[in-house]
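# Architecture and fold: a report
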Amino acid sequence: MRIVIAEDDPLLREGLALLLRAEGLDVVATAGTPDGALAAIDEHQPHVAILDVRMPPTHTDEGIVAAVEARRRRPGLAVLVLSAYVEQSFATELLVGGAGGLGYLLKERVGRVEEFLDALHRVASGGTAIDPEVVAQLFTRSRQDSRLERLSPREREVLALMAEGLGNSGIAARLVVTDGAVHKHIRSIFAKLDLSPADQVDRRVAAVLHYLEGAGRLA
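Residues numbered from 1 in each chain as written. Predicted model: local features only at pLDDT ≥ 70, side-chain atom pairs only at ≥ 80, totals over all residues. Heavy atoms only, no water.

## Focus: the overall build of the protein chain
- Along the protein chain, the regular secondary structure elements total 10 helices and six strands.
- Each of the 219 residues in the protein chain was classed as buried or not, and the buried ones make up 48%.
- Counting every atom, the protein chain has about 9900 Å² of accessible surface; 52% of that belongs to carbon and sulfur. (Helix = DSSP H or I, 4+ residues; strand = E, 2+ residues; numbered from the N terminus. Buried < 20%, exposed > 50% of the residue type's maximum accessible area, 1.4 Å probe, protein only. Areas by Shrake-Rupley, 256 points an atom, 1.4 Å probe, with all protein chains shown as cover.)

## Some remarks on helix H3 (residues 62-73)
- With 12 residues, H3 extends 16 Å between its outermost C-alpha atoms, agreeing within 8% with the 16 Å of an ideal straight helix rising 1.5 Å per residue.
- Every buried residue belonging to H3 is among Glu-62, Gly-63, Ile-64, Ala-66, Ala-67, Ala-70 and Arg-71, and all of these are buried. (Expected span 1.5 Å × (residues − 1).)

## Description of the sheet that holds strand S2 (residues 26-31)
- Judged by pairing direction, the sheet is parallel, and its six strands sit side by side in the order S2-S1-S3-S4-S5-S6 without closing on themselves. The open sheet has two edge strands, S2 and strand S6 (128-130), and neither has a second partner. Taken pair by pair, the neighbouring strands of this sheet meet at an average axis angle of 20°, ignoring direction.
- As judged from the five bridges shared by strand S3 (residues 48-52) and strand S4 (residues 78-83), these two strands associate in the parallel manner. Bridge pairing in S4 places Ile-50 opposite Leu-80. (Pairing = 2+ DSSP bridges. Axes fitted to C-alpha atoms, helices over the stretch in contact; angles between N-to-C directions.)

## Considering the packing of helix H2 (residues 34-44) against H3
- Taken N-terminus to C-terminus, the directions of H2 and H3 make an angle of 20°; their axes are 9 Å apart at the nearest point. By the angle between their axes, H2 is roughly parallel relative to H3. In terms of crossing hand, the pair formed by H2 and H3 is right-handed. Contacts from Pro-34, Leu-38, Ile-41 and Asp-42 in H2 reach Glu-62, Ala-66, Glu-69, Ala-70 and Arg-73 in H3.
- Looking at the contact of H2 with H3 residue by residue, the classes come out as five nonpolar, no polar and four charged. (Parallel < 35°, antiparallel > 145°, perpendicular 65-115°, else oblique. Left-handed = near helix turned anticlockwise from the far one by under 90°. Contact = heavy atoms within 4.5 Å. Nonpolar A, V, L, I, M, F, W, Y, C, P; charged D, E, K, R; others polar.)

## Things to note about unusual backbone geometry
- Following Pro-56, the chain continues to Pro-57 via a peptide bond in cis, the omega torsion being 10°.
- By the secondary structure assignment, Pro-57 is in the loop between S3 and H3.
- In this structure, His-59 is a non-glycine residue whose phi angle is positive, near 55°.
- When you line up the elements, His-59 lands in the loop between S3 and H3.

Put into structure tokens, the structure is as follows:
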């Protein structure tokens, strides 16, 4: 797995690179600016780009803009965005209307190494990894969406955990239910969100993105 890291804080940037290299991952380049990140992505063709939301010159949304541009240039690129705070509009700007291979985590999650690496591998494999704090706030904003209102409270819990990137077994463990119960809930979620098995899409990703689109319309 080739990785490019873009983070303007040199200590965090190099610390993250050391952590990933210690895990046997190939950090091919690091950058401290959005332009440097895009140049590194063009040159090294990584599997994953890890970008900070706030980078020079204005320290507002440069990382999100760079992430969107990187995905435009390389549609298969997996992107994991890191932020110090829950920034809903930035999360939805990156995630809404996209596909898999996307993640949005709070920086504090990096210190929980096992969770961070699990999220990184999920994103690299084409899944999603959204920080639980981001999920909680997005879900609060998305409740007015008519199709999401069809879901039961338990189905909403399952969908929120799907958005975090958990698989069926992980969801079952978190909710203390059986894998079979989770499977039934997910089938019901697909039906209530009008996601047909005949659709040429990953229904799991589509359900999560629909959920985020609901949040985006209210942002």
